[in-house]
Amino acid sequence: MTSPYDVRVFGDPVLRKVAEAVTDIDGKLVQLADDMLQTMYEEPGLGLAAPQVGVGKRFFVYDVGEGPEVMVNPTVIETRDEWLFEEGCLSVPGLSWEIVRPKEVHIQGYNLDGNEINIEADELLARLFLHEMDHLNGVLLIDHLEGDTRKAAMRTLRETFIDPVNL
Ligand code: ZN
């Protein structure tokens, strides 16, 4: 079975929009979350945010090896410390950069039953949460880079995703 969605890649304007709050957790959202998980596993990736499949809603799916999870209307309550780690994104396939992010995060959101979830995450899971939060705010990896690193990354991105040679 192939997934019903293609992951949107760098250059698609939907990746730059601030997503809107989910107002109803209904059957449609549950189905979409299911489809997104399938897409995420097929890619494969550890997380996938709704804007990455063209849906401007504030939720994401993830699995860091402990089973599929869905986070609806997430808020970052607190972050602590920072660390540098090589990070990639399904929306910029094949590329990765060392990105500084907080090492610990307290995130609050809702599951598909509408129950509030509070998670204290560190390292990889914290990074995943912050990466997916970025997607809900129209922010991409490249926005965390500075100076020459950012310039070089922009050049690579333009060559890879924006200016294809259409033969
Ligand atoms: Zn991403």
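My aim in this report is to walk through the structure given alongside it, one point at a time. (Residues numbered from 1 in each chain as written. Predicted model: local features only at pLDDT ≥ 70, side-chain atom pairs only at ≥ 80, totals over all residues. Heavy atoms only, no water.)

**Some details on the layout of surface pockets**
Part 1: Size it by volume and the largest pocket reaches roughly 290 Å³.
Part 2: Every residue lining the largest pocket is counted, 15 residues in all, and those nearest its centre are Leu 46, Glu 87, Gly 88, Leu 128 and His 131.
Part 3: Elements represented by at least two residues in the lining of the largest pocket include exactly strand E4 (83-88) and helix H2 (123-136).
Part 4: At 5 residues, H2 tops the list of elements feeding residues into the lining of the largest pocket.
Part 5: The residue inventory of the lining of the largest pocket, partitioned by class, reads 6 nonpolar, 5 polar and 4 charged.
Part 6: Together, Val 22, Thr 23, Asp 24, Asp 26, Lys 28, Leu 29, Leu 32, Val 55 and Lys 57 line the second largest pocket. (1 Å grid on protein atoms, 1.4 Å probe; cavity = no way out; pocket = protein on both sides within 12 Å on 5 of 7 lines; lining within 4 Å. Points joined across faces, edges and corners; volume = space filled by probe spheres on them. Helix = DSSP H or I, 4+ residues; strand = E, 2+ residues; numbered from the N terminus. Nonpolar A, V, L, I, M, F, W, Y, C, P; charged D, E, K, R; others polar.)

**As for the pattern of salt bridges**
Two side chains with opposite charge may pair up if their charged atoms get near one another.
Part 1: Applying the stated criterion to the full structure yields 11 salt bridges.
Part 2: Salt-bridge contacts for Arg 8 lead to Asp 12; the nearest nitrogen and oxygen are separated by 3.0 Å.
Part 3: Salt-bridge contacts for Glu 87 lead to Arg 101; the nearest nitrogen and oxygen are separated by 2.8 Å. Here Arg 101 lies in strand E5 (residues 96-101) and Glu 87 lies in strand E4, a separation of 14 residues in the sequence.
Part 4: Salt bridges sharing common partners tie together Glu 78, Arg 80, Glu 104 and Glu 120. (Salt bridge = Lys/Arg side-chain N within 4 Å of Asp/Glu carboxyl O.)

**Brief notes about the coordination of the zinc ion**
Part 1: Within the protein, Cys 89 (SG), His 131 (NE2) and His 135 (NE2) serve as the donor atoms for the zinc ion, at 2.0 to 2.2 Å.
Part 2: For the zinc ion, the donor residues sit on a single chain with the sequence spacing C-x41-H-x3-H. One end of the pair, Cys 89, is in the loop between E4 and E5; the other, His 135, is in helix H2, and 46 residues separate them in sequence.
Part 3: According to the relative accessible area criterion, Cys 89 is buried, its value standing at 12%. (Donors = N, O, S within 2.8 Å, 3.2 Å for Na, K, Ca; no water. Buried < 20%, exposed > 50% of the residue type's maximum accessible area, 1.4 Å probe, protein only.)

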